[in-house]
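If you want the building blocks of each chain, they are given just below.
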Amino acid sequence: MRRQEEIQQAFADTEELVSQVYFCLIGIGGAGMSAIARMLHFRGYTVCGADLVESGEVLALRELGIEVQTGHSPDLIKAGMAVVLSDAIDLDTSPEFARAKELGLNCFRRTQVLGWLLQDRKVIAVTGTHGKTTTTGMIGAGLQSAGASPLIVVGASVPQFGGQVVEGPGEWAVVEACEAYNGFHDLKPQIVVLTNLELDHADFHGNYERLRESVVQFVDTLPADGWLVYCSEDRGASEVAELSNVRAMPYGISASWVRQSFNIMGQPAPDLGDLPSFDENDLHMPGIHNKLNAAGAIMAVMLSGYDVERGAEGILRFEGAERRLQVIHDDEVTVVDDYAHHPTEVQASLSALRTKFAGRKIRVVFQPHLYSRTAPLVADFAEALSLADEVVLTDIYPAREDPMPGMSSALIAEKVIKPCRYVPNRHLLPRLVAGWTSKGDVVVGMGAGNISEFAPALIEELDRKSAKSYRVAVVFGGDSAEREVSIHTGRYVADALERLGHTPVMVDVSNLLLSDGDLSVFTGAGRPEVAFLAVHGTHAEDGAIQGLFELLSIPYVGSGIQASALAMDKALTKTILRDRGLPFVESTLVTRKTPRPVPIEPWRPVVVKPNAQGSTVGLSFVKTPEQLEHSLDVALAYDDAALVEDWVTGMEISVPVLGGRALTPVEICPVSGMYDFANKYTPGATEEIAPARLPQAVLDQVCDIAVRAHQALGCEGATRTDMIVQDPQGNARPIVLEVNTLPGMTGTSLFPRGAAASGMTFDEVVGWLVEDARRRYAEKTS
C-alpha cells in the first residue's frame, strides 16, 4: 500500500521524467507495470525491471528484449536510471528503492509515468469501484469499430487486443484510472467515465467520504470542454456528479438515457432502435452490470465525436478481458475465471452466471483480497457468495498487508447460507474441487489475488480425474534396518505397476529428504496420483512417512498415521488387543534405563525383540539366562525399548488381510526351526505353505482374529497378522504376535503368497491397493 506521506515525499515531480531515457520498473510483472514497460519500450526507451516471481508476463517481456530480474536486489539499480515502483512495493523494505536514494536517482509512481506518456493525447479515463477494466475495453473496442485508432491501456490482458496495451496512433487514449492511493490524480483526462462508487481501499482512504472527495477532486480537473459520464443508477456516482463542478452526462440501461444524453448536448438523438439499450442477449458479456458498462461505453464513444451506431457494434462484440467472467473451459464441466473481489462485484458476477448458465449448479471458489478490505465486509461477502449453489473459500490474499488478528476467511464461511467448505491452503483447491465436481457443473474461480492460478490448474485436475492410468510414486529405501528389503519390494511393485499400464516413479524418500530436500516430484502438475509405500520398519510403518503424504495431500497405500503408529508399537498393540478380547503373547517392556539384570522368574525361554521395528529385526530366541543380556543389547541397538516375550511354541502362521477381508493363512516352516531375519529373507531358508495345514475351523478362527486385529487398530489397505497356533492338531489356541501395516511384497514375502492361494495375482494385489488408496482419499476429502 502507499501512505499519503510517501506519495508526497518519496517521489520526484512528474516534470523530471522529461530528461529520463533509462527506466527500471520494480514490480514489472504486474498488469499495470508491464503495460508501462511495453509503452516505454515501444517508444524507444531503455527498460529493465524486477519482479518477485517468474510469471508468464515476465517471460513475455523478456521476449520483447526487456531485461527482467527475478527477485529483488539493489544490484539492479544503476546510475542514470529512473526508478518506477509499483504501489505494491513496500518502500521501507525495498532494496532497489534504498539503492536509488543512495545514488540520488529520481523515483516515480507508475501512474506518474502513465500520465506523462499520455500528455499528447485526449484521454478518456475510466474510474469507479467496479467495472473499470471491462468498460475501458468496451470503449476501446467501440472506438476501433467507429474508425478511430485509439491508444488503449487496460488493467488486464484483453485477448482480442493481444494484451493490455494497444498502441493506436489516433488522438484519443482510453485508460483505466484506479482510485487506489490517488493514482488517478496523475492523469489529465478529457472525459471521465465513472461506473459506480462505494467504499473500497479503506486502508488508504479511511472512509467513504474521503474516497468520494478524492474522486470529486479528480473529476474537477476536467477542462471546460470536458465531460463526466456517470451511471445515474448508482448512488455514489450520482453523488460525485452533484458535488463536482463539470459538465455531467448520465447513463443507464434503457434507451431513454441515450435520448436524454443527446438532449443535454442539444443534439437530436439518432434512430438507433434497440441497439443502445444493449439487451443482455445481444451483449457478448453476460450480466446486468455489463449492460450498464456498455451503456457508459457508448456515451464515451458519442462524446468523443465518433459514430454511435458503429461504436455500438464494437461494444456488442467485445469479448471481455482476461479474468472477467472468462470461460476458459467448456466441456462436461464449465470453468470460469473472474476478478470479482468486492461483494458488489461478486453479486454481479454470480447473477450473470445464473443467467448465462440457467439450471446448472454454480460452484464459486473465492479468495478474499486484503485483510483491510475483507474485515468490514464479512457479512456482505457471505450474502453475495450465497447466490452460488456451493461455496469454497480459501485464505485471504494479503498482498502487501500483514495478517489482521482475528480476521480469517472462516468468518465468511460461517455466515454463508449455502453449502460451504473452507480450504485454508489454496494449493489444494484444484485437486479437491475436481473431486467434488460433477458433469454439468459450472465452477468459477474468483478473486483478485493468486486465485488466478486456480482455474487453469482445475482443468489439469479434471483431465487427471478422467485418466485410466496413473503416475505412481513407488516410495522405497528408507532409513530403517529393513532398507534392503524395501529396495526389493519397490522393484517388484514397480514391475507390477508397469504391467498394469501405470507409470511408476521410483523415489528413495529418505535419500531425497536428507540430500537436497527437493520435493518437486510430489508437487505441481507432475505429482503422482498415488504413493505406493514400499518401505518397512521405522519411519515407514510408524506413521512418519504417512504424515509426509498427508501434508502433501497425496493418496497413499496402507494405513494412516494413527493406525501405523499403534501397530508399530508392539506393547501398545497388546494393550489394544487385550481390550478387544483378542489373544496375545504376554511380555515385559524393557527400556535402556531399566535396571539390569531383568528378572524372569521362574526362568523360561523367551523371545527378545525391539518394541518398534520390523517383525524380525533385532529378534533373538533366548534359551538360557546367560543369553538374555546380550539379546537385550541387540534389541536396544535398534530401539529405545525392547519386549521380552514368552517363547510360545506351535505352528507359526501369517494371515494377510486386504481391505478388511482375510486371505489364505500361510504356514511358516523355517528349516532351522526359528523364524528370524535371515530365515525370513533368504530364499529357500523357510518353507511357506498356503493354506496352512490347520483344520478348517481353525483356519476360520485365525482369519477372524486377523480381521478383528486389523479393525481394532484402525488399519486400512493390506496388513499381515503373525500368530502362533499352539497345539495346532489338537486343542488349537491361536495367539497374536504382532500386526504389520506395510507387509513385504518381494519374491519371498508372505502376503503375496497368501493372496495367490486366495486366487489373487501379485499384479491384482498391487492394482487393488492403488485403487483403494484413491478411493479412501476421495472419501476423506468429499
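Our subject in this report is the structure included herewith. (Residues numbered from 1 in each chain as written. Predicted model: local features only at pLDDT ≥ 70, side-chain atom pairs only at ≥ 80, totals over all residues. Heavy atoms only, no water.)

**Some thoughts on the sheet that holds strand S17 (residues 420-422)**
- With respect to topology, six strands assemble into an open sheet ordered S13-S14-S18-S15-S16-S17, the strand pairing being mixed. Either end of the sheet is taken by a strand with one partner, and the two such strands are strand S13 (326-330) and S17. Taking the axes of each pair of neighbouring strands and ignoring which way they run, one obtains an average angle of 15° across the sheet.
- Direction of pairing for strand S15 (residues 362-366) relative to strand S18 (residues 442-446): parallel, over a ladder of five bridges. (Pairing = 2+ DSSP bridges. Helix = DSSP H or I, 4+ residues; strand = E, 2+ residues; numbered from the N terminus. Axes fitted to C-alpha atoms, helices over the stretch in contact; angles between N-to-C directions.)

**Concerning the side chain of glutamine 367**
- Tracing the sequence through the fold places glutamine 367 in the loop between S15 and helix H14 (371-374).
- Residue class for glutamine 367 comes out buried when judged on its relative accessible area of 2%.
- At 2.7 Å, the side chain of glutamine 367 and the side chain of asparagine 450 are in polar contact.
- Side-chain polar atoms of glutamine 367 contact the backbone nitrogen of isoleucine 451, separated by 3.1 Å.
- The contacts of glutamine 367, once residues within four sequence positions are left out, are Thr394, Asp395, Tyr397, Arg426, Met446, Gly447, Gly449, Asn450 and Ile451. (Buried < 20%, exposed > 50% of the residue type's maximum accessible area, 1.4 Å probe, protein only. Polar contact = N/O pair within 3.5 Å; in protein donor to acceptor, adjacent residues only side chain to side chain. Contact = heavy atoms within 4.5 Å.)

**Comments concerning the environment of threonine 588**
- Following the sequence through the fold, threonine 588 ends up in strand S22 (residues 587-591).
- When the C-alpha positions of threonine 588 and valine 308 are compared, they lie 93 Å apart, and in sequence the two are 280 residues distant.
- Other than its neighbours up to four places away in sequence, threonine 588 contacts Ala642, Leu643 and Val644.

**Details of the pattern of salt bridges**
- A full pass over the atoms with the stated rule returns 36 salt bridges.
- Here arginine 235 and glutamate 239 are joined by a salt bridge, their closest N and O atoms 3.6 Å apart. One end of the pair is arginine 235 and the other is glutamate 239, both in helix H9 (residues 235-243) and four residues apart, which spans about a single turn.
- The class for arginine 235 is exposed, based on a relative accessible area of 67%.
- Linking arginine 596 and aspartate 633 is a salt bridge whose minimum nitrogen-to-oxygen distance equals 3.4 Å. Separated by 37 residues along the polypeptide, arginine 596 in the loop between S22 and strand S23 (606-610) and aspartate 633 in helix H24 (residues 625-636) bring together distant segments of the chain.
- Aspartate 633 gets classed as partly exposed once you look at its relative accessible area, which sits at 45%.
- A cluster of three or more residues bridged by salt bridges with shared partners is formed by Lys361, Arg363, Glu390 and Asp441. (Salt bridge = Lys/Arg side-chain N within 4 Å of Asp/Glu carboxyl O.)

**Overview of the state of the cysteines**
- For the structure on display, the rule yields zero disulfides.
- Considering cysteine sulfurs only, cysteine 24 is the nearest to cysteine 107, which forms no disulfide, with 9.8 Å between them.
- A relative accessible area of 1% means that cysteine 107 is categorised as buried. (Disulfide = S-S within 2.5 Å.)

**Structural notes on the sheet that holds strand S21 (residues 530-533)**
- The three strands are arranged S20-S19-S21 in an open sheet whose pairing can be described as parallel. The open sheet terminates on both sides in strands that have one partner only, identified here as strand S20 (503-508) and S21. Averaged over all neighbouring strand pairs, the angle between strand axes comes to 30°, with direction disregarded.
- The sheet contact formed by strand S19 (residues 471-476) and S20 spans six bridges and is parallel. By the bridge assignment for S20, valine 474 is matched with methionine 506.
- Contacting S19 and S21, helix H21 (residues 544-552) crosses the sheet at an angle of about 175° to S21.

**Some thoughts on the packing of helix H19 (residues 483-499) against helix H28 (residues 762-781)**
- Orientation of H19 relative to H28, taken along the N-to-C sense of each, is 85°, at an axis distance of 9 Å. For the element pair H19 / H28, the angle class is roughly perpendicular. Across the interface between the two elements, Tyr492, Val493, Ala496, Leu497 and Arg499 from H19 touch Phe762, Asp763, Val766 and Val770 from H28.
- A per-class count over the contact of H19 with H28 returns seven nonpolar, no polar and two charged. (Parallel < 35°, antiparallel > 145°, perpendicular 65-115°, else oblique. Nonpolar A, V, L, I, M, F, W, Y, C, P; charged D, E, K, R; others polar.)

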